[in-house]
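Each chain is listed here by its residues.
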Amino acid sequence: MRIGRFALSGVSVALLVVQLGLVSTIAAKYLYQRWRCPRVWTRAAAYDPEMPMRGRYLSMQLKVGGCQSTLPSAKEATFPRDVSGAIRPGPFVLRPHPVYFSANLKVENDRLEAIRIQDPEAHSGGQEVSAMPGARCEDMRLEAPVDFYIADTAQSPMPLKADQELWIEVTVPPKGPPRPIQLALKQDGAWRPLGME
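To keep things clear, this report deals only with the structure shown in the data block. Being a predicted model, the structure only gives us computed values, none of them experimental. (Residues numbered from 1 in each chain as written. Predicted model: local features only at pLDDT ≥ 70, side-chain atom pairs only at ≥ 80, totals over all residues. Heavy atoms only, no water.)

**Looking at the overall build of the protein chain**
In step 1: Secondary structure assignment for the protein chain yields 1 helix and 12 strands.
In step 2: In the protein chain, 60% of the contacts between residues at least 6 apart in sequence involve partners at least 24 apart. (Helix = DSSP H or I, 4+ residues; strand = E, 2+ residues; numbered from the N terminus. Contact = heavy atoms within 4.5 Å.)

In C-alpha cells, the structure reads:
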C-alpha cells in the first residue's frame, strides 16, 4: 500500500490495525463504564505533582467516607460514642500516626464510601485509604491520586481561595481507581462547574 511518498508493508498495516483495535477497546470500555457505573461528586484536595514529564493537569486526592470500615484494632481507631452508646461525630483515629487500609469503593447515599477489605489475600484489588490522626470517619482520603488533565486554553482553578472547595465528579468502576469526569468549585454553598475544555 502506498500513501503519498511512503510505502506501507503488510506487517506495518497489520500492526497499525492491532494498535487501533487496542486503543478502541480501551476507549469503549471507559465509555461503557461511564454509562453503566455509578457516578458521584466528592471533595478533592489538589496538589502540584512532582513528575519529570509535566503536563497541564491537577493531581488530586479524593475524600472518601470510611464510617462503615472496621479497622484492625480499637487501639488505632474507634467511633466516639455518647453515654447511651450511640455513635456521635468526632475524631475517629486515635493514634498519633495515620492509619492505612485497603478498601473497595462504592457509592452510597450520594457519597463515595470506602469499605475495608477484611481478607488479606484480596488486598490487591482494593484502593489504599488513609485516615489521619484526629480525623472524623467521613474525612478519609484515597492515597493514589487522580489526575485531571486541563486543556491549554483553560484557566486552572488553583490556587483556591480560603472559602472555596474543589469538587470532582468521578465514575466508580467495579475495580480500579475512580475515573474523573468534571470539576466544580463550591463557594458559599453555591456550585460552579468548571469548563476545562
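The structure having been displayed, the exposition proceeds.
**Points about the packing of aromatic side chains**
In step 1: Under the criterion given, the structure shown has 2 aromatic pairs.
In step 2: Taking the centre distance of 5.3 Å and the plane angle of 70 degrees together, the rings of tryptophan 41 and tryptophan 191 count as edge-to-face. With tryptophan 41 in strand E3 (residues 39-47) and tryptophan 191 in strand E12 (residues 190-194), this pair connects stretches of sequence that are 150 residues apart.
In step 3: Owing to a relative accessible area of 27%, tryptophan 41 belongs among the partly exposed residues under this scheme.
In step 4: With a relative accessible area of 42%, tryptophan 191 lands in the partly exposed category.
In step 5: Linked through ring pairs, Trp41, Trp167 and Trp191 together constitute an aromatic cluster. (Phe/Tyr/Trp six-rings, centres within 6.5 Å; stacked < 30°, edge-to-face > 60°. Buried < 20%, exposed > 50% of the residue type's maximum accessible area, 1.4 Å probe, protein only.)

**A word on the pattern of salt bridges**
In step 1: Summed over all chains, the structure comprises 4 salt bridges.
In step 2: Residue arginine 43 pairs with glutamate 165 through a salt bridge whose shortest N-O separation is 3.7 Å. Residue arginine 43 is found in strand E3, and its partner glutamate 165 is found in strand E10 (residues 164-171); the two are separated by 122 residues along the sequence.
In step 3: Glutamate 165 gets classed as partly exposed once you look at its relative accessible area, which sits at 23%.
In step 4: For the salt bridge of arginine 111 with glutamate 113, the shortest nitrogen-to-oxygen distance reads 3.3 Å. (Salt bridge = Lys/Arg side-chain N within 4 Å of Asp/Glu carboxyl O.)

**Focus: the layout of surface pockets**
In step 1: When its volume is computed, the largest pocket comes out at roughly 220 Å³.
In step 2: Residue lining of the largest pocket: 13 residues in total, with Thr42, Arg43, Lys63, Arg111 and Trp167 positioned closest to the centre.
In step 3: At the level of secondary structure, the elements contributing two or more residues to the lining of the largest pocket comprise E3, strand E4 (57-64), strand E6 (111-116) and E10.
In step 4: Here the residues of the lining of the largest pocket sort into 4 nonpolar, 2 polar and 7 charged. (1 Å grid on protein atoms, 1.4 Å probe; cavity = no way out; pocket = protein on both sides within 12 Å on 5 of 7 lines; lining within 4 Å. Points joined across faces, edges and corners; volume = space filled by probe spheres on them. Nonpolar A, V, L, I, M, F, W, Y, C, P; charged D, E, K, R; others polar.)

**Topic: empty space enclosed by the protein**
In step 1: On inspection of all chains with the given rule, the structure shows 2 cavities of 30 Å³ or more.
In step 2: Its volume calculated, the largest cavity comes out at about 60 Å³.
In step 3: What lines the largest cavity is a set of 11 residues, and nearest its centre among them are Asn104, Leu105, Gln127, Pro174 and Gly176.
In step 4: Ranked by residues supplied to the lining of the largest cavity, first place goes to strand E5 (residues 99-108) with 3 residues.
In step 5: Partitioned by chemical class, the residues of the lining of the largest cavity number 5 nonpolar, 5 polar and 1 charged.
In step 6: Its volume calculated, the second largest cavity comes out at about 30 Å³.
In step 7: If you trace the second largest cavity, you find it lined by Gln127, Glu128, Leu142, Ala144, Val146, Pro177 and Pro178.
In step 8: Partitioned by chemical class, the residues of the lining of the second largest cavity number 5 nonpolar, 1 polar and 1 charged.

**A closer look at the side chain of serine 130**
In step 1: Mapped onto the fold, serine 130 is located in strand E7 (residues 127-131).
In step 2: One polar contact links serine 130 to glutamate 143, side chain to side chain, over a distance of 2.8 Å.
In step 3: Ignoring sequence-local partners within four residues, the contact set of serine 130 consists of Val99, Tyr100, Met140, Arg141 and Glu143. (Polar contact = N/O pair within 3.5 Å; in protein donor to acceptor, adjacent residues only side chain to side chain.)

**Some words on the environment of proline 173**
In step 1: Position of proline 173 relative to the elements: it lies in the loop between E10 and strand E11 (179-187).
In step 2: Spatially, the C-alpha atoms of proline 173 and leucine 105 are 8.6 Å apart, while their sequence positions differ by 68 residues.

**What about the environment of proline 178?**
In step 1: With respect to the helices, strands and loops of the structure, proline 178 is situated in the loop between E10 and E11.
In step 2: Proline 178 sits 51 residues away from glutamine 127 along the chain, and the two C-alpha atoms are 9.6 Å apart.
In step 3: Not counting chain neighbours up to four residues away, the residues in contact with proline 178 comprise Leu62, Leu105, Leu142, Val146, Val170, Thr171 and Pro173.

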